[in-house]
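Structural overview for review
Chain residues, written in single-letter form:
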Amino acid sequence: MTKTYYGYTRVSTAGQGHGASLDEQKAAIEAFARRRDLKIIGWYSELQTAAKTGRRQFSAMLVALKHGRASGVIIHKIDRSARNLADWARIGELVDEGVEVRFAHDDLDITTRGGRLTADIQAVIAADFIRNNREEVKKGMYGWLKRGYYPFGAPQGYLDQGSGRLKTIDPVLGPRIVRAFDLYATGQYSLETLRHRLAEEGWRRADGTPQSVNVLATLLRNPFYAGVILIKRNGQRFDGGHDPLVPMARFERVQAVLDGRVFARPLAHGFRFRRLIRCAGCPRTLTGELQKGRVYYRCHGCKGVSFAETWIEDRLNAALSAIAYTDGEMRDFRDLAETLRADDGAAEARRRAGLDRDLALVADRLERLTDAMIDGAIDGDSFSERKSRLLADRRRLEQARIEDADRLGWRRALERFERWNTAQRGYAAANAAEKREILVSMGSNFVAEGKDLLFASDLLPLGELLDRGVHEGGPSRGMVRTAGTSNEKGGLPPHAVCLNDFASRRIRPSVSRRALVKALIGDADPIVRDADRLAPGTDTPEALKLAA
């Protein structure tokens, strides 16, 4: 009676080359069976690595053989059957039970002591080959990780750029993840309320439902978004070379909220101006209250300091309209900024060329120092000491190069004007929650002084741009009172405007090119205060002549 056998073929990947494909393995097994008059009654084939246990087709074949549905199995080579010792032990158990296991390429008789020993040695070599490959892969991955590269698939919010390239920020998902961090960092959302808030803003799953709590928790726990690569298996961390989506301070704040060190405090009432209005007469901020369907803001330390939300909103809209710029005015401002940029271009180019020259000199010295170490010209201690000094010099020069690009006051000023104009135009069409966020982004500062409410912004000196002086007494028709550039009134913000004077939208001060340039390079300190200083040349008489 002719014995029956199964045929088993396997490759790890579809791209495996000549001599290892499923078809070629099958042809070799069929030729082996014909030469020995063996009958193949079925085939088990799979596309899966044998380095790990759990192959479905392999396991199903072993079950069928244990039930005696065939006399044995024919496999192309030993490493096609198993590359881990656990699966090889299962094959050995079949042999011990009388199942015939044959190999077409090696033609080993593993029922004999010598054949079994040879097969065992080859199986151990195959398993060791996998272990060695795994170690080499780990070495390569850790090499990439130490250089700041993430050798795995990009997480949500980033895009893969191919092997050996840094992940780049996804222009669609990136801002949404930043938004999730920003909202959760406030401590006013749970993960459940956060997912619904994000869904309202358009971030949903493919089926239109909000993101799951688990997905959000995983995102908010991932330090990759703060520029740190975490290997979860062993807890190792590496400095990433990719651009972070959120600053580390915000990431740590989110971790504190997730860990319960900062408790979420959902808002009972989302008052628009909550904690934005401070009282000039005491250190308190005005508290929002709902009375008979209307919102009022009151100071509980000073009598008579109270404003209706509708009153604030009407006058704020009028003030923003008065301070708004037309497209033509913004074009003029950009032209003036470009003129200043051209004037500073030569000096900036000289500074940058000097820094580049110094960086190249440091790189050359590092290379020559390494050569000297290899040639034995210096000892190890001297090499380490000199290398540390050179690396410190390189970091200092690189930092100076970065700071040099940000030091120009006109550049910061232009960015602030652009941000102000975008925020001001979006305020009128925004909903209640968005309006509050726009005010916060403006760096808005409200101060209540008795019945007067003053408004200022960290972005622009509003009083300066209205081209008004400080007026004593009541305002004349069409005039707007301002706080000037000093804090003479105990804590009042500089360059503030009084919203009480905007009862009518007829106020429309003329903002000239001169006022814009004066705000840019003159006395408007809030514009350039975080730049610490103006670029050389922007405060010269020649530059100020541009205002004329």
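A brief look at the structure comes next. All values reported here derive from a predicted model rather than from experimental measurement. (Residues numbered from 1 in each chain as written. Predicted model: local features only at pLDDT ≥ 70, side-chain atom pairs only at ≥ 80, totals over all residues. Heavy atoms only, no water.)

**Observations regarding the overall build of the chain**
Counting secondary structure elements, the chain contains 18 helices and 15 strands. The buried share of the chain, taken over its 548 residues, is 41%. Of all intrachain contacts in the chain linking residues separated by at least 6 positions in sequence, the fraction that spans at least 24 positions is 62%. As displayed, the chain has an accessible area near 29,900 Å², and 50% of this comes from carbon and sulfur atoms. (Helix = DSSP H or I, 4+ residues; strand = E, 2+ residues; numbered from the N terminus. Buried < 20%, exposed > 50% of the residue type's maximum accessible area, 1.4 Å probe, protein only. Contact = heavy atoms within 4.5 Å. Areas by Shrake-Rupley, 256 points an atom, 1.4 Å probe, with all protein chains shown as cover.)

**Details of the sheet that holds strand β12 (residues 306-308)**
Within the open sheet, the three strands sit side by side as β10-β11-β12. Their pairing is antiparallel. Either end of the sheet is taken by a strand with one partner, and the two such strands are β10 (287-291) and β12. Neighbour to neighbour, the strand axes of the sheet diverge by 30° on average, direction disregarded. Pairing geometry for β10 and strand β11 (residues 294-298), over five bridges, is antiparallel. Bridge pairing in β11 links T287 to R298. (Pairing = 2+ DSSP bridges. Axes fitted to C-alpha atoms, helices over the stretch in contact; angles between N-to-C directions.)

**Thoughts on unusual backbone geometry**
Phi at D37 is positive, roughly 55°, even though this residue is not glycine. Counting through the fold element by element, D37 comes out in the loop between α1 (22-35) and β2 (39-47). Positive phi, normally seen in glycine, also occurs at K292, with a value near 55°. Structurally, the position occupied by K292 is in the loop between β10 and β11.

**A few points about the pattern of salt bridges**
Tallied over the full model, the rule gives 16 salt bridges. A salt bridge links R80 to D79; its shortest N-O distance comes to 3.4 Å. The exposure class assigned to R80 is buried, which follows from its relative accessible area of 8%. Between R298 and E289 there is a salt bridge, with the nearest N and O atoms lying 2.9 Å from each other. R298 sits in the partly exposed class, given a relative accessible area of 28%. The buried category is assigned to E289, whose relative accessible area is 16%. Via salt bridges that share partners, K3, E100 and R102 belong to a single interconnected network. (Salt bridge = Lys/Arg side-chain N within 4 Å of Asp/Glu carboxyl O.)

**Quick word on the packing of aromatic side chains**
The final tally for this structure, using the stated rule, is 13 aromatic pairs. Residues F273 and Y297 carry aromatic rings whose centres are separated by 5.8 Å and whose planes lie at 80° to one another, so their mutual orientation is edge-to-face. Placement of F273 in the loop between α9 (248-258) and β9 (277-279) and of Y297 in strand β11 is noted, with a sequence separation of 24 residues between them. Seen in terms of ring centroids, F273 and F446 are 5.6 Å apart; in terms of plane orientation they differ by 80°. Their pairing is edge-to-face. Taken as a pair, F273 in the loop between α9 and β9 and F446 in strand β13 (residues 444-449) lie far apart in primary sequence, 173 residues in all. Judged by relative accessible area, which is 0%, F273 ranks as buried. Judged by relative accessible area, F446 falls into the buried class, the value being 0%. Among the aromatic residues, those joined into a cluster by ring pairs are Y150, F152, Y158, F181, F224, Y225 and F251. Sitting over the face of the ring of W43, K26 holds its NZ or CZ atom 5.1 Å from the ring centroid. Here R55 stacks its cationic end above the ring of F58, 4.1 Å away from the centre of that ring. (Phe/Tyr/Trp six-rings, centres within 6.5 Å; stacked < 30°, edge-to-face > 60°. Lys NZ or Arg CZ within 6 Å of the ring centre and 35° of its normal.)

**Side note on the pairing of strand β1 (residues 4-11)**
The buried count for β1 comes to eight of eight residues, which makes it a mostly enclosed element. Alternating positions in β1 separate into two faces, T4, Y6, Y8 and R10 on one and Y5, G7, T9 and V11 on the other, with burial throughout. The pairing of β1 with β2 spans eight bridges and is classified as parallel. Bridging across to β2, R10 finds its partner in E46.

**Things to note about the state of the cysteines**
Applying the stated rule across the entire model yields zero disulfides. With no disulfide of its own, C279 has C302 as its nearest cysteine by sulfur position, at a separation of 3.6 Å. With no disulfide of its own, C299 lies closest to C282 among cysteine sulfurs, the gap being 3.4 Å. The class for C299 is buried, based on a relative accessible area of 7%. (Disulfide = S-S within 2.5 Å.)

**Things to note about the environment of W420**
Within the element layout of this structure, W420 appears in helix α13 (residues 409-427). W420 sits 22 residues away from M442 along the chain, and the two C-alpha atoms are 6.6 Å apart.

**Section: the environment of L316**
Tracing the chain through its elements places L316 in helix α10 (residues 309-323). The buried category is assigned to L316, whose relative accessible area is 0%. Note: C-alpha distance between L316 and L499 (183 residues apart in sequence) is 6.6 Å. When residues no more than four places from it in sequence are discounted, the contact partners of L316 are F273, Y427, L439, F446, F455 and L499.

**Points about a nonpolar patch on the surface**
A contiguous nonpolar patch, built from L117, I121 and I125 and spanning about 290 Å² of accessible area, is present on the exposed surface. With respect to the element layout, L117 can be found in helix α5 (residues 113-146). (Patch = residues over 30% accessible without salt bridge, like charges linked within 9 Å, V, L, I, M, F, W, Y side chains within 5 Å.)

**Considering the nonpolar core**
Grouped together as the largest cluster of nonpolar side chains are 30 residues, with contacts concentrated most on F273, I277, L286 and F446. If you list the elements that add at least two residues to this core, you get β9, β11, α10, α13, α14 (432-441), β13 and β14 (452-457). Tallying contributions element by element places α10 first for this core, with four residues. Ignoring anything within four residues of it in the chain, the contact list for I277 reads T285, L286, Y297, I312, F446, A448 and L453. Judged by nonpolar contacts, the second largest core, of 28 residues, contains Y184, L191, F251 and V254. (Core = buried A, V, L, I, M, F, W, Y, C linked by side-chain atoms within 4.5 Å.)

**Notes on the pairing of strand β3 (residues 72-75)**
Residue alternation in β3 divides its side chains into two sets, G72 and I74 and V73 and I75, and both sets are buried. Pairing of β1 with β3 involves four bridges; the strand directions are parallel. Across the sheet, the residue bridging to G7 is I74, located in β3. One ladder, built from four bridges, connects β3 with strand β4 (residues 100-103); its direction is parallel. Paired with G72 across the bridge in β4 is E100.

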